[in-house]
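# Residue-level structure breakdown
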Amino acid sequence: MEKINGNTFELTVEQGEPTLVPPPEETEKGLYFLSNLDQNIAVIVRTIYCFSSGSKGNENAGETIKEALAKVLVHYYPLAGRLTISSEGKLAVDCSGEGGVFVEAEANCRIEEIGDITKPDPVTLGKLVYDIPGAKNILQIPPLVAQVTKFKCGGFVLGLCMNHCMFDGLGAMEFVNSWGETARGLPLTTPPFLDRTVLKARDPPQIAYQHQEFAEIQDLSTTTELYKDKMLYKSFCFSPESLEKLKNKALEDGFLGKCSTFESLSAFVWRARTQALDIQPDQETKLLFAVDGRSRLNPPLPKGYFGNGIVLTNSISKAGELLENPLSYSVGLVQEAVKLVTDRYMRSAIDYFEATRARPSLSSTLVITTWSRLSFHTTDFGWGPPVLAGPVALPEKEVILFLSHGEQRRSINVLLGLPPSAMKIFQDLMQI
């Protein structure tokens, strides 16, 4: 619920009947292989893109986007299939050609009345994405579900519900941008490279690293208890000036020669969250984040690779060491985790899953997801780029999201959820 002019406003959305949008021509059938990098992130990701009307209005928005979806699915035909379990007990796609799910909807207000979408709000923003009724697990949710919601101002929102096992952020952006190009009658700038067997596990598996990302850390603190409270969601905006200040702070003691924005910001929020949750000094805490391995593999993944080209890397430290040492210490830990990701490490991670079927453990863990490098702003269905785009909700309570923001997208919005008592401390620690 948002407050508009002192009144409590509730978004009402009237959804039409869902329809299936299959590709208009025959596409390949059979089982489509998903790599081990896809297996581990089979979570549903809901995103929204807000488009303003300009002079065009939104009368044809649903029809245009639906027609373009059918055409782009010829290139991206696995998205028209359904998830299944292979004979090996792994996720695969049954390329049935059934199609994506598409819904048209109407909202009772102007687009600006839904408030600040830069903050995840599952209740309000969730109405802009269609959820499959009665779905009990991911196998019952098609890989691609789209909803176009028209607003009274002539603007509209495209709400997408997609499974992360189909692609990572970069792959998803390439798909949505291709869909936009199709809507504008243009050829695809980056056609998808569909063969994921380039990331097949080796036989026999060759595990060369410990892969602590899968390690279960015992919770010696009261974090689990704290999380039973109602979660409070907030976003904190870091301007280019404060990001620069943070980098300088990490370098001031001369311990590090250089550091990136991602490294200094990740280390800063890892420390702040550890302090806000009052984690005991001898409690280990894990930082988990994804690194794009496309260029780190040898040979690199082909351009337009359709799938997850990211691998999880991690750093583990005792809470006391994290907080007692200067910022440069935790930045150094983040840098080590980034350096870890080589072709050998990625191949080892793929083989590790093959041998163990282990899932990354989120106990005493912070997961940082970076969307600040994704080109949301380039998506254009014929109404110009979106005025705003972002997630509907954070996938897990352990996740912090980095989103680019503001002029030339040089600022970064840090989005997270914490129990109220911890959020108050975290908020105070955000002053640089």
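Here is what the cut-offs are and how they apply
- Residues numbered from 1 in each chain as written.
- Predicted model: local features only at pLDDT ≥ 70, side-chain atom pairs only at ≥ 80, totals over all residues.
- Heavy atoms only, no water.
- Phe/Tyr/Trp six-rings, centres within 6.5 Å; stacked < 30°, edge-to-face > 60°.
- Helix = DSSP H or I, 4+ residues; strand = E, 2+ residues; numbered from the N terminus.
- Buried < 20%, exposed > 50% of the residue type's maximum accessible area, 1.4 Å probe, protein only.
- Lys NZ or Arg CZ within 6 Å of the ring centre and 35° of its normal.
- Salt bridge = Lys/Arg side-chain N within 4 Å of Asp/Glu carboxyl O.
- Expected span 1.5 Å × (residues − 1).
- Contact = heavy atoms within 4.5 Å.
- Pairing = 2+ DSSP bridges.
- Core = buried A, V, L, I, M, F, W, Y, C linked by side-chain atoms within 4.5 Å.
- pLDDT = per-residue confidence, 0-100.
- Axes fitted to C-alpha atoms, helices over the stretch in contact; angles between N-to-C directions.

Per the stated rule, a full pass over the model turns up 16 aromatic pairs. Ring centres 5.5 Å apart and planes at 90 degrees place the aromatic pair Trp179 and Phe381 in the edge-to-face group. With a gap of 202 residues between them, Trp179 in helix H4 (residues 169-183) and Phe381 in the loop between strand E15 (365-370) and strand E16 (388-391) connect regions that are remote in the sequence. Considered together, Trp179 and Phe381 belong to a single accessibility category, that of buried residues. Here the aromatic cluster, defined as three or more aromatic residues joined through ring pairs, consists of Tyr32, Phe51, Tyr76, Phe156, Phe167, Phe175, Trp179, Phe306, Phe381 and Trp383. Above the plane of the ring of Trp383 lies Lys56, whose end atom (NZ or CZ) is 4.1 Å from the centre.

Enumeration over the complete set of coordinates arrives at 15 salt bridges. One salt bridge connects Asp351 with Arg202, and the closest N-O pair in it is separated by 2.6 Å. One end of the pair, Asp351, is in helix H10 (residues 343-356); the other, Arg202, is in the loop between H4 and helix H5 (223-226), and 149 residues separate them in sequence. By relative accessible area, which is 1% here, Asp351 ends up buried. The exposure class of Arg202 is partly exposed, given its relative accessible area of 29%. A salt bridge links Asp428 to Lys424, with the nearest nitrogen and oxygen atoms 3.9 Å apart. Here the residue Asp428 and the residue Lys424 both occupy positions in helix H11 (residues 420-429), the gap between them amounting to four residues, near one helical turn.

Turning next to H10. Taking 1.5 Å as the rise per residue, H10 with 14 residues should run 20 Å; its terminal C-alpha atoms sit 20 Å apart, in good agreement. Inspection of H10 places Tyr345, Met346, Arg347, Ser348, Ala349, Ile350, Asp351, Tyr352 and Phe353 among the buried residues, and these make up the whole buried set. Turning to H10, the residues buried within the fold contact helix H1 (36-39) and strand E14 (310-318).

Let us look at the pairing of strand E8 (residues 91-95). By the criterion of burial, E8 is predominantly enclosed, with four of the five residues buried. Looking at chain direction, strand E5 (residues 30-33) and E8 are connected through four bridges and run antiparallel. When the sheet's bridge partners are listed, Phe33 is paired in E8 with Ala92. Pairing analysis gives four bridges linking strand E7 (residues 82-85) to E8, with the strands arranged antiparallel. Residue Ile85 lies in a different strand from E8, and its bridge partner there is Leu91. Here E7 folds back onto E8 in antiparallel fashion, the turn holding five residues, of which Gly89 has a positive phi close to 80 degrees.

A few words now on the pairing of strand E11 (residues 156-163). The element E11 is largely enclosed, with a buried count of eight among its eight residues. Going residue by residue along E11, you find Phe156, Leu158, Leu160 and Met162 tucked away on one face and Val157, Gly159, Cys161 and Asn163 tucked away on the opposite face as well. Sheet analysis places strand E6 (residues 44-51) next to E11, joined by eight bridges and oriented antiparallel. Within E11, the residue paired with Ile48 across the bridge is Gly159. Pairing of strand E10 (residues 144-150) with E11 involves seven bridges; the strand directions are antiparallel.

Before going further, it helps to examine the nonpolar core. Counting residues in each nonpolar core, the largest one holds 54 residues, and the members touching the most others are Leu265, Val269, Phe289, Ile368, Phe402 and Phe426. Tallying contributions element by element places helix H7 (residues 261-276) first for this core, with eight residues. In this view, Val269 contacts Leu366, Ile368, Ile400, Phe402, Val414 and Phe426; residues no more than four positions away in its chain are not counted. Tyr49, Leu144, Met166 and Val176 belong to the second largest nonpolar core, which has 51 residues in total.

Below, the discussion takes up the confidence of the model for the protein chain. Averaged over all residues, the pLDDT of the protein chain equals 92, while 97% of them reach at least 70. Here residues 1-7 is a poorly scored stretch, pLDDT under 50, and it has 15 contacts once near neighbours within four places are set aside; other chains count.

All right, on to the sheet that holds strand E17 (residues 399-405) then. Reading across the sheet, the six strands line up as E12-E18-E17-E15-E13-E14 and stay open at both edges, with mixed pairing between neighbours. Edge positions in the sheet fall to strand E12 (232-238) and E14, since each of these pairs with one other strand and no more. Within the sheet, the average angular offset between the axes of one strand and its neighbour, ignoring direction, is 20 degrees. Relative to strand E18 (residues 411-418), E17 is paired through five bridges, and the arrangement is antiparallel.

In this structure, Pro204 follows Asp203 across a cis peptide bond, with omega equal to 0 degrees. Assignment of secondary structure puts Pro204 in the loop between H4 and H5. Backbone geometry at His211 places phi at a positive 55 degrees, although glycine is not the residue there. Among the secondary structure elements, His211 is positioned in the loop between H4 and H5. Under the relative-accessibility criterion, His211 is labelled buried at 4%. For Asp278, which is not glycine, the phi torsion reads 55 degrees and is therefore positive. With respect to the element layout, Asp278 can be found in the loop between H7 and strand E13 (284-292). Since its relative accessible area comes to 61%, Asp278 is described here as exposed.

Attention shifts here to the sheet that holds E7. Spatially, the three strands line up as an open sheet ordered E5-E8-E7, and their pairing is antiparallel. Two strands lie at the open edges of the sheet, namely E5 and E7, each paired on one side alone. Going from strand to strand, the sheet's axes swing by 45 degrees on average, the running direction of each strand aside.

Let us now look at the side chain of Ser317. Note on placement: Ser317 falls in strand E14. Residue contacts for Ser317: discarding those within four places in its chain leaves Trp270, Gln283, Glu284, Thr285, Leu322, Tyr329 and Leu333.

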